[in-house]
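For reference, the chains in residue letters:
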Amino acid sequence: MKKIGFIGLGIMGEMMAKRLLNNGYELVVYNRTKEKILKLGDKGITPVESPAEIVKNCDITISMLADSKALENIAYDKNGIFNNLKNGFIHIDMSTVSPSTTLKLYSDYKKQGAYFIHAPVLGSKTQAGDGTLLIFAGGDKSAIEKCEEIFKVLGKKTWKFDSVEKATILKLAMNSMIATMIVALSQAFVLAEKSGIPKEIVLEVLENSALNSAMYQNKGKTIINGNFEPNFYVKHMLKDINLVLDLALDLKIPFPVISSIREMFVQTLSKYENEDYSAIYKTMAELAGIEI
Ligand SMILES: NC(=O)c1ccc[n+]([C@@H]2O[C@H](COP(=O)([O-])OP(=O)(O)OC[C@H]3O[C@@H](n4cnc5c(N)ncnc54)[C@H](OP(=O)(O)O)[C@@H]3O)[C@@H](O)[C@H]2O)c1
């Protein structure tokens, strides 16, 4: 039996933990809200009260957390990972967080003879459940090699980098595209609708064109069905937009599209906090005077 730690049972973490359990892993699990651990059932699960207990019981842990603050909490709290590290311990964080956070964790752990790998993912709830995530793994080569089997269970392909930063930044580059694409789709829907052309026609044209993508088809269908159940919360999309803009400023790279759509996501957050990021369509439709 392969025993590893798992921290963070949100939308993604729950699916990833279930996938690992179904593939023969035994999990030592910590989540800030304890009750969520019950969703995993009891087979192969050891719930614990702190990340420190994971370090005591395992050699590797995964974390899948909301943001940099959450990751820093579970790492640097008194009963967190860092203060209880043992030699050779591997922490794979798969959340989308800032490059400064991943660099700090990498160098702090290294000083203690332990390893921090940043392995953010592209793909959502469905891909987390069926093990088809795309994984960008950055960190020490020897540590990444020890985790290869875990990456194979969770993802269909893993790109490996010798620095944590490259993995962190590649994920942010991908999410800058997701933010841009959902706005592009929503704009086209709103313009067509306002002129009496149904959204279905827009999606059908896209499907037959060189512009098509699985993302447009998936999100286009859920928007048409009025389904804004969260797969990826608006607040996390806004977090990633802020991370992209901070990074772009650090690197002195203009990011005009992301800068200009940020406000629209802020408005969406104020109204649709617990919905999917595609609720940005509703904000744009409302501003255009379209009844939804
Ligand atoms: N959803 C997606 O499609 C998707 C795809 C790719 C990447 N991501 C990234 O993956 C990460 C997780 O996404 P998600 O959709 O699973 O998010 P989520 O549903 O909001 O889950 C967040 C998790 O972080 C924990 N958490 C939040 N604040 C914390 C804190 N201060 N201290 C300790 N734990 C804290 C939550 O614990 P509680 O249960 O106690 O709230 C929960 O376990 C995010 O970085 C997101 O950007 C998401």
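- Labelled according to an unreviewed UniProt entry, the protein appears under the name Glyoxylate/succinic semialdehyde reductase, originating from Kryptobacter tengchongensis.

### Comments concerning the site of the ligand
Part 1: In the region of the ligand, 25 residues are neighbours, and T33, K36, S124, N231 and K239 sit closest.
Part 2: Contact distances for the ligand include 3.1 Å between an oxygen atom and a backbone N or O atom of L9.
Part 3: For the ligand, a nitrogen atom lies 3.0 Å from a polar atom in the side chain of N73.
Part 4: Classifying every residue of the shell around the ligand gives 10 nonpolar, 11 polar and 4 charged.
Part 5: Taken together, domain 1 (2–162) and domain 2 (169–287) each give at least three residues to the shell around the ligand, which thus spans both.

### Structural notes on the packing of helix α9 (residues 199–207) against helix α10 (residues 214–224)
Part 1: Two elements in contact, α9 and α10, have axes separated by 10 Å at closest approach and are oriented at 170 degrees. In terms of orientation, α9 and α10 fall into the roughly antiparallel class. Contacts between α9 and α10 involve K199, E200, L203, L206 and E207 from the former and Y216, Q217, G220, K221, I223 and I224 from the latter.
Part 2: Tallied by class, the residues present in the contact of α9 with α10 amount to 5 nonpolar, 2 polar and 4 charged.

### Re the nonpolar core
Part 1: Ranked by size, the top nonpolar core spans 40 residues in total, and within it I182, M237, F265 and Y277 carry the most contacts.
Part 2: Elements with a contribution of two residues or more to this core: α8 (164–194), α9, α10, α11 (234–251), α12 (256–271) and α13 (280–287).
Part 3: By residue number, the principal contributor to this core is α8, which donates 11 residues.
Part 4: Residues L21, M94, A143 and F151 belong to the second largest nonpolar core, which totals 34 residues.

The rules behind each value
- Residues numbered from 1 in each chain as written.
- Predicted model: local features only at pLDDT ≥ 70, side-chain atom pairs only at ≥ 80, totals over all residues.
- Heavy atoms only, no water.
- Near = heavy atom within 4 Å.
- Polar contact = N/O pair within 3.5 Å; in protein donor to acceptor, adjacent residues only side chain to side chain.
- Nonpolar A, V, L, I, M, F, W, Y, C, P; charged D, E, K, R; others polar.
- Domains from an automatic or database assignment.
- Axes fitted to C-alpha atoms, helices over the stretch in contact; angles between N-to-C directions.
- Helix = DSSP H or I, 4+ residues; strand = E, 2+ residues; numbered from the N terminus.
- Parallel < 35°, antiparallel > 145°, perpendicular 65-115°, else oblique.
- Contact = heavy atoms within 4.5 Å.
- Core = buried A, V, L, I, M, F, W, Y, C linked by side-chain atoms within 4.5 Å.
- Buried < 20%, exposed > 50% of the residue type's maximum accessible area, 1.4 Å probe, protein only.

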